[in-house]
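The primary structure of each chain is shown beneath.
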Amino acid sequence: MNEIILHYVLSALFSAIPAVGFGMVFNVPKHALKFCALGGAIAYTSRLALLDLHMPIELATFLASLLIGTIAVYWSRKYIVPRPIYTVASIIPLIPGTFAFTAMISLVDMNSHGVTPELIASFIENGLKSISILGAISFGLAVPSLYFIRYNRPII
Amino acid sequence: MNTISYDEQTHITRAIIKAAVMMLEFGAESKLIEQTSQRMGAALGVDSVEMSLIPSAIVLTTLTHNQSVTTTRMAHHKPINMSIVFDVQRLCIELEKKKVDVQTVMERLKNIQPNYYNRWLVVFMVGISCASFAYLRGADWVAFVITFLASSGAMFVRQELAKHKFISLLVFAITAFVATIIASLSYVSNISSTPSIALSASVLLLVPGFPFINSFLDAVKGYLSMGWGRWLQATLLTLATSMGIIFAMSILNIKGW
């Protein structure tokens, strides 16, 4: 039991660091950085918990980003800060970077070394994975704001 | 009803489009740009603000009861900068609360400065971020340290290239090349048991995740041309990064990414 808790705590810690790091690359204002750290930790750890419940990764990602999108709406109304400032860094640990690069690399490999069934499979699998995870993240983020769009009301 | 003179309306239009272009250039999503311009327009006293957004320009019209002013601005995309988006949005909210004249708004917009972090701090933080990604994927400590070195070195190169105004495709390709070369240290005499994780985690600083997410958000909310534009931009950046990785791997003769 203790080991599982330690695993979750370490994952939360190591996903908060990239959220802050990339928040700095995107020049997020200083006072929002601690929320980015918290958001990154919440997003990654909740996805990890859902994956441990044997949920498919797309659904888990969607629910995790729905959670962080809703929390960000609450923060943004409370502190009067546009919502992307919180969400942009919080979803960084969820982004399927390696899938996207692997897909592109197999595409280039097909050109230079000839087409093989393995390369085609690798391209399609990784490309579909990255697109569906990206779609899940953005749809999860969009749902809370689509709620406010109905009457063309801004969030803040 | 007090009328707005043509001159005055021109000034208002210029202030609004300046704000809109700043938000577009520094990476705000389309819905936010449209909402902010319309709220600024209402606060400055025009009846409505209509706009057409494409990835490289904005066309914006303000309407009052008997006249309309239209203007176009080009937008040159710059690195994402959330502090500028935040400042423009804060200005818009302040405008709604109290009456401010157009000259002051223009002055305030011109004075918005990006809040840059210390570059060495950013280099360190990006290095440790990519190393954390490596840890989350189950890398051992040697691979962790090598990923840290590779991505902080790559971030330094990226800042240097950005300082000399190279186009972003070239910056991404060269940065990926440098990151892969440094990360391939983990293959030397088997010092790490997870060398491929170091290789793939060290280039994660180049994932254009934000343009991808923005493109999806724009498309979902009905801005289809903006969605396609951002999608293409992000795909090109991913391709450029892959070219850098592949070039480095073929020089070092590493197989299997």
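Because the structure is predicted, anything quoted here is derived from the model rather than measured. (Residues numbered from 1 in each chain as written. Chains lettered and ligands numbered in written order. Predicted model: local features only at pLDDT ≥ 70, side-chain atom pairs only at ≥ 80, totals over all residues.)

Participant: Tell me about the overall build of chain A, residues and numbers included.
Facilitator: Helix and strand counts for chain A stand at six helices and zero strands. Secondary structure elements of chain A, listed N to C terminal, follow the sequence α-α-α-α-α-α. Structurally, chain A occupies a C-alpha span of about 55 × 45 × 30 Å along its principal axes. Buried residues in chain A amount to 47% of all 156 residues. Here the analysis covers contacts within chain A between residues at least 6 apart in sequence; of these, 69% occur between residues at least 24 apart. (Helix = DSSP H or I, 4+ residues; strand = E, 2+ residues; numbered from the N terminus. Buried ≥ 20, exposed ≤ 12 C-beta atoms within 10 Å, placed from the backbone. Contact = placed C-beta atoms within 7 Å.)

Participant: Account for the interface of chain A and chain B, with residues named and values stated.
Facilitator: Contacts between the two partners involve 40 residues from chain A and, on the opposite side, 46 residues from chain B. Considering every element that reaches the side of chain A that touches chain B, the biggest residue donor is helix α1 (residues 2–25) of chain A, with 10 residues.

Participant: Account for the environment of B:I191, naming residues and giving values.
Facilitator: Residues and elements named next belong to chain B. In this fold, I191 is placed in the loop between α7 (168–183) and α8 (195–201). The class of I191 is partly exposed, set by 14 C-beta atoms lying within 10 Å. Remark: the alpha-carbon pair of I191 and A143, spanning 48 residues in sequence, is separated by 8.6 Å. Residues in contact with I191, not counting those within four places in the same chain, are V142 and S186.

Participant: How would you explain the sheet that holds strand β3 (residues 68–74) of chain B if you had to name every residue and give the values?
Facilitator: Residues and elements named next belong to chain B. Reading across the sheet, the three strands line up as β1-β2-β3 and stay open at both edges, with antiparallel pairing between neighbours. Of all strands in the sheet, those with a lone pairing partner are β1 (48–54) and β3, marking the two edges. Within this sheet the neighbouring strands show an average axis-to-axis angle of 15°, counted without direction. (Pairing = 2+ DSSP bridges. Axes fitted to C-alpha atoms, helices over the stretch in contact; angles between N-to-C directions.)

Participant: Go over the domain arrangement of chain B, please, and point to the residues and values.
Facilitator: Residues and elements named next belong to chain B. The domains assigned to chain B are domain 1 (6–110) and domain 2 (119–252). Inter-centroid distance (C-alpha atoms) of domain 1 to domain 2 is 34 Å. At the junction of the two partners, domain 1 supplies nine residues and domain 2 supplies 11 residues. Contributing elements (two or more residues each) for the side of domain 1 that touches domain 2: α2 (30–44) and β1. (Domains from an automatic or database assignment.)

Participant: Can you tell me about the packing of helix α2 (residues 33–52) of chain A against helix α4 (residues 83–90) of chain A, naming the residues and giving the values?
Facilitator: Residue and element names in this part refer to chain A. At a minimum axis separation of 8 Å, α2 and α4 run at an interaxial angle of 50°. In terms of orientation, α2 and α4 fall into the oblique class. When the axes of α2 and α4 are compared, the crossing they make is right-handed. On α4, the residues touching F35, C36, G39, G40 and A43 of α2 are Y86, A89 and S90. When the residues that make up the contact of α2 with α4 are grouped by side-chain class, the tally is five nonpolar, three polar and no charged. (Parallel < 35°, antiparallel > 145°, perpendicular 65-115°, else oblique. Left-handed = near helix turned anticlockwise from the far one by under 90°. Nonpolar A, V, L, I, M, F, W, Y, C, P; charged D, E, K, R; others polar.)

Participant: Kindly report on the environment of A:M24, identifying the contributing residues and their values.
Facilitator: Relative to the assigned elements, A:M24 resides in helix α1. Given 22 C-beta atoms within 10 Å, A:M24 falls into the buried group. Along the primary structure A:M24 and A:A89 are separated by 65 residues, whereas in three dimensions their C-alpha atoms are 8.9 Å apart. Setting aside chain neighbours within four positions, we find A:M24 in contact with B:Y117, B:V122 and B:M125.

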